Amino acid sequence: MTPRHASRRRTAGIDVQQCRDCHRRLFPDRLICPTCGGTDFGVATIERGRIEQVTVLADGTVLASISTADDGPTLIARLIGSADPADETRLTGDAEDPGPAAFVPGGAPTSSTPTRTTP
Amino acid sequence: MTTSIIGAGQSPYTRHPEPGLTTPKVLAGAALAALADAGLTPADVDGLAVSSFTLGPDHAVDLAWRMGLKLTWLMQDTTGGASAGGMLQHAVRAVEAGDARTIVLVAGDHLGGDAFTRLVAEYNTATRDHLTPLPMAGPNALFAMLTTRQMDALGLTRHDYGALAVAQRRWATLNPGAVYRSPLTLDDYLSAPIVADPLGRYDCVPPVTGGDAVVVTADRPGAVRVLSVRTSYNADQQDGDGLTTGLREIAPTAWDEAGVGPSDIDLACVYDDYPAMVVAQLIDLGLLDHSDAAGSITRGITTGHLPVNTSGGQLSAGQAGAAGGMHGLVEASRQLLGRAGERQVDARHAVVSGYGMVLYRYGACATTTVLAATR
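Undergrad: Outline the overall build of chain A, supporting the account with residue identities and numerical values.
TA: If you tally the helices and strands in chain A, you get one helix and eight strands. The secondary structure elements of chain A, listed N-terminal to C-terminal, are α-β-β-β-β-β-β-β-β. When burial is assessed residue by residue, chain A has 46% of its 119 residues classed as buried. Contacts spanning at least 24 positions in sequence make up 49% of the contacts within chain A whose residues lie at least 6 apart. As presented, chain A carries roughly 6100 Å² of accessible surface, and 48% of it is formed by carbon and sulfur atoms.

Undergrad: Can you lay out the interface of chain B and chain A for me, pointing to particular residues and giving the numbers?
TA: Residue-level contacts link 23 residues of chain B with 26 residues of chain A. Where chain B abuts chain A, roughly 2000 Å² becomes buried across the two surfaces, and 60% of that area is made up of carbon and sulfur atoms. Ranking the residues of chain B by area buried against chain A places Leu-134, Met-145 and Tyr-360 of chain B at the top, with a combined share of 31%. Across the contact surface, chain B and chain A share one salt bridge. A salt bridge links Asp-239 of chain B to Arg-24 of chain A; the shortest N-O distance between them is 2.6 Å. The tally of links between chain B and chain A comes to nine residue pairs in polar contact (both at pLDDT 80 or more). Taken together, the elements giving at least two residues each to the side of chain B that touches chain A come down to helix H5 (125-131), helix H6 (140-154) and strand S5 (194-196) of chain B. A total of six residues in the side of chain B that touches chain A trace back to one element, the largest contributor, which is H6 of chain B. Of the residues in the side of chain B that touches chain A, the class split is 14 nonpolar, three polar and six charged.

Undergrad: I'd like a rundown of helix H11 (residues 293-302) of chain B, residues and numbers included.
TA: Residues and elements named next belong to chain B. Every buried residue of H11 is accounted for by Ala-293, Gly-295, Ser-296, Ile-297, Gly-300 and Ile-301. Next to the buried residues of H11 lie H6, helix H7 (158-172) and helix H10 (275-284). After H11 finishes, the residue Gly-304 shows a positive phi value of roughly 85°.

The rules behind each value
- Residues numbered from 1 in each chain as written.
- Chains lettered and ligands numbered in written order.
- Predicted model: local features only at pLDDT ≥ 70, side-chain atom pairs only at ≥ 80, totals over all residues.
- Heavy atoms only, no water.
- Helix = DSSP H or I, 4+ residues; strand = E, 2+ residues; numbered from the N terminus.
- Buried < 20%, exposed > 50% of the residue type's maximum accessible area, 1.4 Å probe, protein only.
- Contact = heavy atoms within 4.5 Å.
- Areas by Shrake-Rupley, 256 points an atom, 1.4 Å probe, with all protein chains shown as cover.
- Buried area = accessible area lost by both parts, 1.4 Å probe.
- Salt bridge = Lys/Arg side-chain N within 4 Å of Asp/Glu carboxyl O.
- Polar contact = N/O pair within 3.5 Å; in protein donor to acceptor, adjacent residues only side chain to side chain.
- Nonpolar A, V, L, I, M, F, W, Y, C, P; charged D, E, K, R; others polar.

Listed below in structure tokens is the structure:
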């Protein structure tokens, strides 16, 4: 895990980018909002999601596709503790979370994209 | 369209590259093979398009210099499995505009050592920051979950995907250039180790070192005429489920421009990183019935009624990095030129699709090329 992820670790949900104009939540980050074209972003926290698909790797790692409410982003996560498709799960940005939870490696959501030109 | 493919060639595909083999040598080898197939030499070339994940720190112009090519047209494509269609699209326009007369399109990689591991770990920033740390090594898990979604949506089972893999291996047994040529049964497929449930060993392409190339010129008799080339990038902003590719939107225009439709196609070379993506692309092209996907696979592909990936595809021939997209174009060209040896089919029209570049959850690039034999 890179220092970037360690510095943004949180156990209560994950931070994602949110467009300040249309409020759409985006993950991974964008430079321009694909919905409204906005370039002014803030941060939103998503605490829970619903497990859509699960796959078990040969080494036993369990990965999942997680949908989030209100047309939020679909996330790829590692499940900590047992869970099944259609279950709701807590989201965490901490790879060492004791669980049960879904670990989503994050990063610092980027803020506004510079648009002002120098006079 | 007023352009043709007049030659196709490869650098040998191998899981164990010889010491001293480099990416530039792989690319040059494929280019020379294609030129020889066209009856040309490097001195005839005035345009070059390159796609490679491992060419760095060199770029296309460095390769041109090392190959002794003097050019009036040059490009480097970065879209992996979709690069062949993208490069062909630009090459066609270049020939039509008079920017170049003889263009080599080449793609390939040297994936020896840990090159593949490094490639998939740092594929893009989304992979580096949000997937590799899971940990997840490569995209198999993503397409495992996509396959599960497709199974639910279309009522497919592992038997259906196995039928595709077995059919392609059957073709590979007739292809001396394929890395995996021993016969594969459905039992072999179903009993193979699971890589990422529900994907087993034979659902996942074997990375190899190798290269593929074609030569593009103005239309001439006896060559493979390019009827249409269409491309799509980021069609759904990664907001979808990955079961529909960008082909869905561009296929109608591509067929329209080509003047032929799905029912005229005698051969399909679709980007086969996973059997589920073969299904998805064939549906998007109108070659598979989504309302009866299993039946379509049995009636069309298992029987050989619609030959699909007659080289064995990447699943059996191997995936040589960025050459994966060019592999299908080379095979379709060989078939339409009548140079496919034991696996020759009677084909007048072929469609070639490209797909690739997983942005986060699935591929974002899609290309379709419709070709016609004129011999």
